[in-house]
Amino acid sequence: MVDWAGLISTLVFGFAAGMITAWRKASLEATMIWVDDLRHRVEIMKGDREKRQQLRHVKMDEDRAAELKAVEEERKRVRRAHLELTKALPIANETVKTWVIEPVRHQELIGELRASLERLSGCGVKIQHGVDNWRSPFSWELERIAKNIDAETNKYAALRGK
């Protein structure tokens, strides 16, 4: 005779064992898929981190280049301003000396001095003069211009020396 209880219990236990084995395989495969996905995500994050770092380095290089360019432009401006100041100082001193003695030469020097002050203004050097009438400025105004040019020349000479 057939042992139905044994047969049914074998079938139930076999089915349960098969289900457990299938579940373990599925769980193992799911775990492997999860590990692969995690590994892929880590690689992507590492690549993103490297890209961000490269972009940061590029930005730092660009900032440094811009800073160096600004420093170089300022150095050139100081050099041009000092050159203009050294040209304007003798003109200003001679203008003060020729105030009464040589009127024609004095007018020429006033024109040159005014042009020098405009060039200095273009270089970023502001010379306070307070001259209202450039056709016949007072001697004290010319002396003040010469004194201010001398002070700025010394200041820019010190800047160039740095």
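Note that this is a predicted model, so its numbers are computed, not measured.

Enquirer: Explain the overall build of the chain here, please?
Expert: Across its full length, the chain carries three helices and zero strands. Reading the secondary structure of the chain in the N-to-C direction produces α-α-α. Taking 162 residues into account, the globule formula puts the C-alpha radius of gyration at 15 Å, and the chain, at 44 Å, lies well above it. For the C-alpha atoms alone, the extent of the chain along its principal axes is close to 150 × 30 × 20 Å. Distance between charge centres in the chain, computed from 29 positive and 25 negative side chains, equals 1 Å.

Enquirer: Which parts of the structure should I look at to understand the packing of helix H2 (residues 103-122) against helix H3 (residues 139-161)?
Expert: Axis angle and axis distance: for two packed helices, these are the angle between their axes and the distance between the axes, and together they describe the pair. Across the interface, H2 lies against H3 with an axial gap of 13 Å and an inter-helix angle of 40°. Here H2 is positioned oblique relative to H3, judged by the angle of their axes. Pair H2 / H3 crosses with left-handed handedness. Where H2 abuts H3, its residues His 106, Leu 113 and Leu 117 lie against Leu 142, Ile 145 and Ile 149.

Enquirer: Can you walk me through a positive patch on the surface in this structure?
Expert: Residues Lys 46, Arg 49, Arg 52 and Arg 56 make up a contiguous surface patch of positive charge. Examined against the element boundaries, Arg 52 turns out to sit in helix H1 (residues 4-97).

Enquirer: When you look at the environment of Asp 150 in this model, what are you seeing that I'm missing?
Expert: Among the secondary structure elements, Asp 150 is positioned in helix H3. The exposure class assigned to Asp 150 is partly exposed, which follows from its relative accessible area of 33%. Sequence spacing of Asp 150 and Ala 88 is 62 residues, and the spatial spacing of their C-alpha atoms is 9.2 Å.

Enquirer: Would you mind going over a nonpolar patch on the surface with me for this structure?
Expert: On the surface, Trp 4, Leu 7, Ile 8, Leu 11 and Val 12 cluster together into a nonpolar patch covering about 530 Å² of accessible area. Following the sequence through the fold, Leu 11 ends up in helix H1.

Enquirer: Explanation requested: the packing of aromatic side chains in the structure shown.
Expert: One pair of aromatic rings is described through two measures. These are the centre distance and the angle between the planes. Here the structure, examined in full by the defined rule, presents one aromatic pair. For the pair Phe 138 and Trp 140, a centre-to-centre distance of 6.1 Å together with 10° between the ring planes defines the contact as stacked. Exposure remark for Trp 140: the relative accessible area of 48% places this residue in the partly exposed category.

Enquirer: So what exactly am I meant to see when it comes to the pattern of salt bridges here?
Expert: Opposite charge on two side chains lets them pair, provided their charged atoms get close. A complete count under the given rule lists 11 salt bridges for this structure. The partner of Asp 36 in a salt bridge is Arg 39, and the shortest N-O contact between them spans 3.2 Å. Separated by three residues within a single helix, Asp 36 and Arg 39 lie in helix H1, roughly one turn from each other. On the basis of relative accessibility, which here comes to 47%, the residue Arg 39 falls in the partly exposed class. Where Glu 84 meets Arg 119, a salt bridge forms, and the shortest distance between an N and an O atom there is 2.9 Å. Of the two residues, Glu 84 is situated in helix H1 and Arg 119 in helix H2; the sequence distance between them amounts to 35 residues.

About the cut-offs
Residues numbered from 1 in each chain as written. Predicted model: local features only at pLDDT ≥ 70, side-chain atom pairs only at ≥ 80, totals over all residues. Heavy atoms only, no water. Helix = DSSP H or I, 4+ residues; strand = E, 2+ residues; numbered from the N terminus. Rg over C-alpha atoms; globule rule 2.2 N^0.38 Å. Lys, Arg positive; Asp, Glu negative; His and termini not counted. Charge placed at Lys NZ, Arg CZ, Asp CG, Glu CD. Axes fitted to C-alpha atoms, helices over the stretch in contact; angles between N-to-C directions. Parallel < 35°, antiparallel > 145°, perpendicular 65-115°, else oblique. Left-handed = near helix turned anticlockwise from the far one by under 90°. Contact = heavy atoms within 4.5 Å. Patch = residues over 30% accessible without salt bridge, like charges linked within 9 Å, V, L, I, M, F, W, Y side chains within 5 Å. Areas by Shrake-Rupley, 256 points an atom, 1.4 Å probe, with all protein chains shown as cover. Salt bridge = Lys/Arg side-chain N within 4 Å of Asp/Glu carboxyl O. Buried < 20%, exposed > 50% of the residue type's maximum accessible area, 1.4 Å probe, protein only. Phe/Tyr/Trp six-rings, centres within 6.5 Å; stacked < 30°, edge-to-face > 60°.

Geometry only, nothing functional implied.
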